[in-house]
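Descriptive analysis of the structure
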Amino acid sequence: MVVASEPKVKLNKIEKAKADKDGLAVKDELEYFAKIGWEAMDKTDLEMRLKWLGVFFRPVTPGKFMLRLRIANGTLNSAQMRVLAEIVQRYGDDGSADITTRQNIQLRGIRLEDLPDIFAQMKAIGMTSIQSGMDNVRNLTGSPIAGIDPDELFDTRELLQKLESVITNQGEGNYAFSNLPRKFNIAIEGGRDNSIHAEINDLAFVPAYRDRILGFNVLVGGYLSAQRQVEAVPINVWVPANDDVIKLSIAILTVYTQNGLSEGLRENRQRARLMWLVDKWGVEGFRAKVEEEFGQTLAPAALKDEITQDKKDYLGVHPQKQQGYKFVGLHVPVGRLSADQMFEVARLAEVYGEGEIRLTVEQNLIIPYISEDKLEAFLAEPLLEIFSINPAPLTRSLVSCTGNNYCNFALIETKQRALKLARELDEELEISDRVRIHWTGCPNSCGQPQVADIGFIGTKARKDGKTVEGVDIYTGGKVGHEAELGSRLEKGVACDDLKPIIRDLLIQKFGARPKNP
Ligand code: SRM
Ligand code: SF4
């Protein structure tokens, strides 16, 4: 008898560690870790598996962990924000929070011994950080103004909440999706402006009508990384705007997970994202496998989708779908919040709104349901002097990844440098339109420099015979309707030499004019 043998695959280091012990297994050991302390922990548990709980050991600040939450659709309430503020407040100057480029929040300064308590606090307010890092489905993104957008096609919140529940098993952790070949990004758009950057998600749903029924065309395989940056491709599938979205997401995740080994994705981490499977099988082949897993014929894509607008930034005062209410977008400089500011945001959402807070992939926040009679008082609140509703054009659209203050991959400091350059150039130049500048500290591209008008990727540069912090400069990223990734304009520019170069670029390509010529 001939016995079919499994293909011989050389698992990469991370796959071997996952095969030894699933990342999610550390959930049951957290109390023990908290007791023994991080110094006594197994290195792989500490540096790798804890990320399955959203807990990130930071080699730059050992003992002070980062906690990455999951906030589906970037929607939270004031009570949740207040608890998050309390969590970081206890760490004094070490404690802060960042709004991320996936419409999410990360907390800083966290001590391992406090985690059992913190998890209990979070559970009590319906929050989780489970499976927010490593080879898991990352924060699910959706339209930040879902349910309040006057031009909305579809309110993405309920679908995303349901999908979140299935993927995370109501926040308890789900072994069915804890061992993907690599990370996996999912986004659902409900408006017309591609608020979620569909093109850079492994799986994106964009609104489209078929036979006058609203549903979504499906795109797969978009991602950014050091080695490859690729836009998502259509797979000629349309699903109605109902639970089929969840069923299809699960089918795609299952196909990805189950074929990871046989198709070689688990050999090389640089060739493990979903697009590599699509490359291997071709779009038709991929679609056929997904359809088989879905268990029903999938409808072909609608001829056109409904993404017709430029991407909005939602800052400032906007009319809501609900009569008599406004939503107000606040600019959070490079997404960073102190505990005090978080308490203030919670208070403002309660006093002026209905306690709701929204996050955007531009690392800003929105407070909805501000009744028109309270608007004037709201706009006079001192927090709005820092979290402005109308910042200067370059500061307004600034996005930055974490950089070397906390991230050990970083080749440069990003957030402070990004703010300083934007503010100085805003002082010097008159710019009629916003110019979207994105900074990222290394080629991993967490700050999405390829979607920006001007993007910077941290690198090492040479200056006066010395190695210094530098950037590669990208331009041409288009967002919204007909989104496109930008490409590299210049390589290895020392950060200290950057200002005049960007000043010239803004004058030549973006219509900027010197204020004092
Ligand atoms: Fe990212 C790894 C931060 C969005 C591509 N990312 C990391 C780590 C976890 C590395 C580490 O262990 O230190 C960073 C944590 C630093 C820290 O202390 O904050 C990190 N990524 C971030 C955040 C916080 C950037 C930000 O300031 O907003 C974003 C968190 C999102 C979230 O809430 O889940 C973040 N990362 C992204 C995005 C943007 C997006 O999703 O739209 C990308 C590019 C899109 C994509 O994934 O296709 C991104 N991060 C990466 C990669 C490269 C992935 C690859 O396939 O090679 C890595 C490295 C890796 O996974 O090996 C990485
Ligand atoms: Fe860290 Fe690099 Fe991601 Fe920035 S782009 S957060 S430096 S991994």
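As named in an unreviewed UniProt entry, the protein is Ferredoxin-nitrite reductase, taken from Limnospira indica PCC 8005. The record held by UniProt for the protein lists under Sequence similarities (unreviewed entry) the comment "Belongs to the nitrite and sulfite reductase 4Fe-4S domain family."

**Digging into the UniProt feature "domain: Nitrite/sulphite reductase 4Fe-4S" (unreviewed entry) in the protein**
Per the UniProt record, the feature "domain: Nitrite/sulphite reductase 4Fe-4S" (unreviewed entry) sits at residues 134–297 and 395–503. Secondary structure across residues 134–297 divides into 29% helix and 20% strand, with the first and last C-alpha atoms of the span separated by 33 Å.

**What about the site of ligand 2?**
Taken together, Cys-401, Thr-402, Cys-407, Phe-409, Ala-410, Thr-440, Gly-441, Cys-442, Asn-444, Ser-445 and Cys-446 make up the full set of residues near ligand 2. Of the residues in the shell around ligand 2, the class split is six nonpolar, five polar and no charged.

**Brief notes about the pattern of salt bridges**
With the rule as written, the count across this model stands at 40 salt bridges. Here Asp-42 and Arg-49 are joined by a salt bridge, their closest N and O atoms 3.9 Å apart. Its salt-bridge partner being Glu-469, residue Arg-417 comes within 2.6 Å of it at the nearest N-O pair. Here Glu-469 lies in strand E22 (residues 466–475) and Arg-417 lies in helix H13 (residues 415–428), a separation of 52 residues in the sequence. Arg-417 gets classed as partly exposed once you look at its relative accessible area, which sits at 23%. By sharing partners, the salt bridges in this structure join Glu-15, Lys-18, Asp-135, Arg-266 and Arg-269 into a single network.

**Some details on the sheet that holds strand E3 (residues 75–77)**
A sheet is described by the order of its strands in space; here five strands give the open sequence E3-E16-E17-E14-E13, paired in antiparallel fashion. Both edges of this open sheet fall to E3 and strand E13 (316–319), since each of them pairs with a single strand only. Geometrically, the sheet is characterised by an average inter-axis angle of 30° between neighbouring strands, direction not taken into account. With two bridges joining them, strand E16 (residues 356–359) and strand E17 (residues 365–371) adopt antiparallel strand pairing. In the strand pairing of E17, Leu-359 is matched with Leu-365. Set on the sheet, helix H9 (residues 339–352) makes contact with E16 and E17; between it and E17 the angle comes to about 25°.

Rules used in this analysis
- Residues numbered from 1 in each chain as written.
- Chains lettered and ligands numbered in written order.
- Predicted model: local features only at pLDDT ≥ 70, side-chain atom pairs only at ≥ 80, totals over all residues.
- Heavy atoms only, no water.
- UniProt positions renumbered as here; feature names shortened; annotations may be inferred.
- Helix = DSSP H or I, 4+ residues; strand = E, 2+ residues; numbered from the N terminus.
- Near = heavy atom within 4 Å.
- Nonpolar A, V, L, I, M, F, W, Y, C, P; charged D, E, K, R; others polar.
- Salt bridge = Lys/Arg side-chain N within 4 Å of Asp/Glu carboxyl O.
- Buried < 20%, exposed > 50% of the residue type's maximum accessible area, 1.4 Å probe, protein only.
- Pairing = 2+ DSSP bridges.
- Axes fitted to C-alpha atoms, helices over the stretch in contact; angles between N-to-C directions.
- Contact = heavy atoms within 4.5 Å.

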